[in-house]
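Residue-level structural notes
The residues making up each chain are set out below.
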Amino acid sequence: MPSLSVFGAQWGDEGKGKLIDLLSRDADMVVRYQGGANAGHTVVVGTEKYVLHLIPSGILHPSKTNVIGNGVAVDPFKFLEEVDGLRKRGVHVDGTNLRLSANAHVIFEHHRLIDQLSERWRGEGRIGTTGRGIGPCYADKAARTGLRVCDLLDPDHCAVRLKAALAEKNALIERVHGAEPLGLDAQLDRYLALGTQLAPFVADTGLEVRTAYREKKRILFEGAQGAMLDIDAGTYPFVTSSNTGANGISAGAAFPPRWIDRAIGIAKAYCTRVGEGPFPTEQKNATGDKIRKLGNEYGSTTGRPRRCGWFDTVAVRYAMEVSGADGFIVTNLDVLTGFDEIQAAVRYAIDGREVRDWPAATPDFDDIVPVYASHPGWTEDITRVRRYEDLPKNARAYVEWLEREVGAPIVMLSVGPEREQVISRGM
Ligand code: GDP
Ligand code: IMO
Ligand code: MG
C-alpha cells in the first residue's frame, strides 16, 4: 500500500509507537503530521526501551526517512535533546534520515510557561495538559503570531517577530498570571542558537513527501494522541490542539487527502485516558486498578497514572468512521488474561434513551451510562502466541465480537510490548 495512515482510535497511548516501528519495515518514509512532544511513543527492542516524543517511530530502522511535517509543534530544545539521546544509544540520526519541516511552528519557552500558568485559572475545567506548550503554540499559529522553524534560520526576521510576540506574551505572563517576564535578548540568543543546530535537518517536507508518493515510495503516517483527543472530533475542551486521525494528514503533512490509500486505527483491548475529561467506560474501582497494574498504565511522557476502563465500541466506531479507517489493530490483549469477565460498552443510556452513535454535541458527559456486554475471560498466557488459531477460544470470541461491534476487521493483534509479539490477521 503506497500510503498508510496509522492513528490512535481512543484517548492516546494505544501502542502506536510499537506498531509504527514494526510497520516501518515495510515503509520507505515515516511521517509525523501533528502534535508535538506531548506524545510518548514506546518502542521495545529486546532489553532496550525507547520513548519517542517528536521523532517518528521509524527512526530505529537505519534506511528509513523520518519526517516531521509542517503540522507538528516543534520544541527545538526537545528535538535536539531527543536526537542527542538516540545518538548516545548508537542510533543513526542526521539530516539524511530525519527531515524537519521549515514550516513547522516552534514551541518557545513562553508557550510552555503559559500552558502551565493557564491550567491554574481553569479550576474545574482543568485539562491536565502535558505542560509541553502545545495549546499556546497552536493558538499562536491560528492567531498568526507564531514563529516557524524557517524564522529561526533568519536572525533579523526572527528578532522582529519574536520581539512582537514576546512583548504581548510578557504582558500576559506578568499582568495576568503574576509571573516573571522573559528577557527578549536571552530568548532571542537561545532560539537563534537552537535554530543553527536545527539547520541540517530543515527541509521542504511537503514537497519531499509528495515526491516520494509520486515515485511510488511507501509512506507511513504516524498519528500522535488519539482520535478522541482530536480538537474537532474529540471530547472538547478536554482534547489536544490538533487533528489527530487521518483527518490531520492533509493539512499537517501538505499531502493531498485523496492520496491517503489506507487508514488503520489502533485501540487497546480495554481503554485508558491521561488527564481530565469524559471517559464513559472508566472503572474507578478495583477493576481499573487491576488493569493499571497488569498493563503498567503510567504515562510515557509525564509518568502520571493512566485512568483505566473497559473497551468502548461507541467511541471506537466513531473514531474509525471520522478517519475513514479500513480496519484496526487491537493491542494489549495479553493484559486481559486472568479476568473472569471482560466487559465492553455497546451503547450509552442518556436520560433513559439508548444511543449507539457517539453523542458528539454533548457538553457534559456526566449523565451518560454505558450499557455493557459481558464476555467470559481466559487464563492461558497468550504472550507467546503468534497464530490466531492458537489463541484461547474466549480470546478469539472477544476479538471477533469487537470486530462485529466496531464494524471493521481487526488486521493485527498485539500480545506484548516487544516487536515480535504480534498476531497478523491480514495487515
Ligand atoms: P503510544 O503513545 O500509542 O505509542 O503508546 P505508549 O507507548 O504511550 O503506551 C503503550 C504502552 O504499552 C507502552 O509501554 C508499550 O511498550 C506497551 N505495549 C504496546 N503494545 C503492547 C501489548 O500488546 N501488550 C502489552 N502488555 N504492552 C504493550
Ligand atoms: P500519545 O501520542 C495520551 C492529553 C493530555 C491532556 C490533553 C491535552 O503518546 O498517545 P496537551 O499537552 O496535548 O495540551 O494535553 O491531551 N494527551 C495525551 N494523552 N497520550 C498522548 O500522546 C497525549 N498527548 C496529550 O494528558 O489530557
Ligand atoms: Mg503515549
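Okay, so let's go over this structure. (Residues numbered from 1 in each chain as written. Chains lettered and ligands numbered in written order. Predicted model: local features only at pLDDT ≥ 70, side-chain atom pairs only at ≥ 80, totals over all residues. Heavy atoms only, no water.)

Describing the overall build of the chain
Counting secondary structure elements, the chain contains 12 helices and 20 strands. Here the chain has a C-alpha radius of gyration of 21 Å; the compact-globule value for 427 residues is 22 Å, and the two agree. Principal axes of the C-alpha set define a box for the chain whose edges measure 65 × 50 × 40 Å. The burial tally for the chain puts 59% of its 427 residues in the buried class. A sequence separation of at least 24 residues applies to 75% of the contacts in the chain between residues at least 6 apart. Of the roughly 17,500 Å² of accessible surface on the chain, 49% is carried by carbon and sulfur atoms. Side chains of the chain give 52 positive and 56 negative charges; the mean places of these two sets differ by 2 Å. (Helix = DSSP H or I, 4+ residues; strand = E, 2+ residues; numbered from the N terminus. Rg over C-alpha atoms; globule rule 2.2 N^0.38 Å. Buried < 20%, exposed > 50% of the residue type's maximum accessible area, 1.4 Å probe, protein only. Contact = heavy atoms within 4.5 Å. Areas by Shrake-Rupley, 256 points an atom, 1.4 Å probe, with all protein chains shown as cover. Lys, Arg positive; Asp, Glu negative; His and termini not counted. Charge placed at Lys NZ, Arg CZ, Asp CG, Glu CD.)

Here's the deal with the packing of helix H3 (residues 109-122) against helix H4 (residues 134-143)
At a closest axis distance of 7 Å, the pairing of H3 and H4 adopts a crossing angle of 120°. Crossing geometry of H3 relative to H4 is assigned as right-handed. Mapping the contact onto sequence places His110, His111, Ile114 and Asp115 in H3 and Ile134, Pro136, Cys137 and Asp140 in H4. Each residue belonging to the contact of H3 with H4 can be placed in one class, and the counts come to four nonpolar, two polar and two charged. (Axes fitted to C-alpha atoms, helices over the stretch in contact; angles between N-to-C directions. Left-handed = near helix turned anticlockwise from the far one by under 90°. Nonpolar A, V, L, I, M, F, W, Y, C, P; charged D, E, K, R; others polar.)

Overview of the site of ligand 2
Around ligand 2 sit 20 residues in total, of which Lys16, His41, Thr130, Gln225 and Thr240 are the nearest. Within the side chain of asparagine 38, one N or O atom sits 2.9 Å away from an oxygen atom of ligand 2. In this structure, glycine 40 approaches ligand 2 through a main-chain N or O atom, which is 2.9 Å from an oxygen atom. Here the residues of the shell around ligand 2 sort into seven nonpolar, 10 polar and three charged. (Near = heavy atom within 4 Å. Polar contact = N/O pair within 3.5 Å; in protein donor to acceptor, adjacent residues only side chain to side chain.)

Some points on the site of ligand 1
Looking at ligand 1, there are 19 residues lining it, with Lys16, Thr42, Ser300, Asp334 and Ser414 nearest. Within the contact set of ligand 1, an oxygen atom lies 2.5 Å away from a side-chain nitrogen or oxygen of serine 414. The protein chains hide 91% of the 590 Å² of surface that ligand 1 would expose on its own. Of all the secondary structure elements, the ones that give two or more residues to the shell around ligand 1 are helix H1 (16-23) and strand S3 (41-45). Residue composition of the shell around ligand 1, by class: four nonpolar, nine polar and six charged.

Quick word on the nonpolar core
A general trend in soluble globular proteins is that nonpolar side chains are found buried together. The biggest cluster of nonpolar side chains holds 72 residues, and the ones touching the most others in it are Leu333 and Tyr398. Formed by 36 residues, the second largest nonpolar core is a distinct cluster that contains Val83, Phe108, Leu188 and Phe201. (Core = buried A, V, L, I, M, F, W, Y, C linked by side-chain atoms within 4.5 Å.)

Re the side chain of glutamine 421
When you line up the elements, glutamine 421 lands in the loop between strand S19 (410-414) and strand S20 (422-424). Taking the relative accessible area as the measure of exposure, glutamine 421 reaches 14% and is therefore buried. For glutamine 421, the residues in contact, after removing those within four places along its chain, are Lys18, Thr383, Arg386, Leu413, Ser414, Val415 and Gly416.

Quick notes on the pattern of salt bridges
Side chains carrying opposite charge are able to pair once their charged atoms draw close together. Scanning the model with the defined rule gives 24 salt bridges in all. Of the charged contacts, one joins lysine 88 and aspartate 84 as a salt bridge, the two residues approaching to 3.0 Å between their closest N and O atoms. Here lysine 88 and its partner aspartate 84 are both found in helix H2 (residues 76-88), four residues apart, which amounts to about one turn of the helix. Owing to a relative accessible area of 37%, aspartate 84 belongs among the partly exposed residues under this scheme. Among the ionic pairs, glutamate 405 bridges to arginine 356, the shortest N-O distance being 3.8 Å. With glutamate 405 in helix H12 (residues 393-406) and arginine 356 in the loop between strand S17 (353-355) and strand S18 (368-376), this residue pair connects regions lying 49 residues apart in the sequence. Residue class for arginine 356 comes out partly exposed when judged on its relative accessible area of 42%. Members of the salt-bridge network, linked through shared partners, are Asp13, Lys268, Glu297 and Arg306. (Salt bridge = Lys/Arg side-chain N within 4 Å of Asp/Glu carboxyl O.)

Section: helix H8 (residues 205-214)
Listing the buried residues of H8 in full gives Thr205, Gly206, Val209, Ala212 and Tyr213. An end-on view of H8 places all buried positions within 135° of arc, on one side of the element. Positioned one or two residues after H8, lysine 216 has a phi angle of 65°, which is positive. (Arc of directions from axis to C-beta.)

Examining the pairing of strand S10 (residues 219-222)
Remember that side chains alternate between the two faces of the sheet whenever the strand is regular. Residue alternation in S10 divides its side chains into two sets, Ile219 and Phe221 and Leu220 and Glu222, and both sets are buried. Looking at chain direction, strand S1 (residues 3-8) and S10 are connected through four bridges and run parallel. Following the sheet pairing, serine 3 is matched in S10 by isoleucine 219. (Pairing = 2+ DSSP bridges.)

Structural notes on the packing of H3 against helix H6 (residues 155-176)
Packing of H3 against H6 brings their axes to within 11 Å, and their N-to-C directions diverge by 30°. Accordingly, the angle class assigned to the pair H3 and H6 is roughly parallel. As H3 runs across H6, the sense of the crossing is left-handed. In this structure, H3 uses His110, Leu113, Ile114, Leu117 and Trp121 to contact H6, whose residues at the interface are Leu162, Leu166, Lys169, Leu172, Ile173 and Val176. In terms of residue class, the contact of H3 with H6 is made up of nine nonpolar, one polar and one charged. (Parallel < 35°, antiparallel > 145°, perpendicular 65-115°, else oblique.)

Some details on the coordination of the magnesium ion (ligand 3)
Only Asp13 (OD) and Gly40 (O) from the protein coordinate the magnesium ion (ligand 3), and they sit 2.0 to 2.2 Å from it. Residue aspartate 13 is found in the loop between S1 and H1, and its partner glycine 40 is found in the loop between strand S2 (29-32) and S3; the two are separated by 27 residues along the sequence. (Donors = N, O, S within 2.8 Å, 3.2 Å for Na, K, Ca; no water.)

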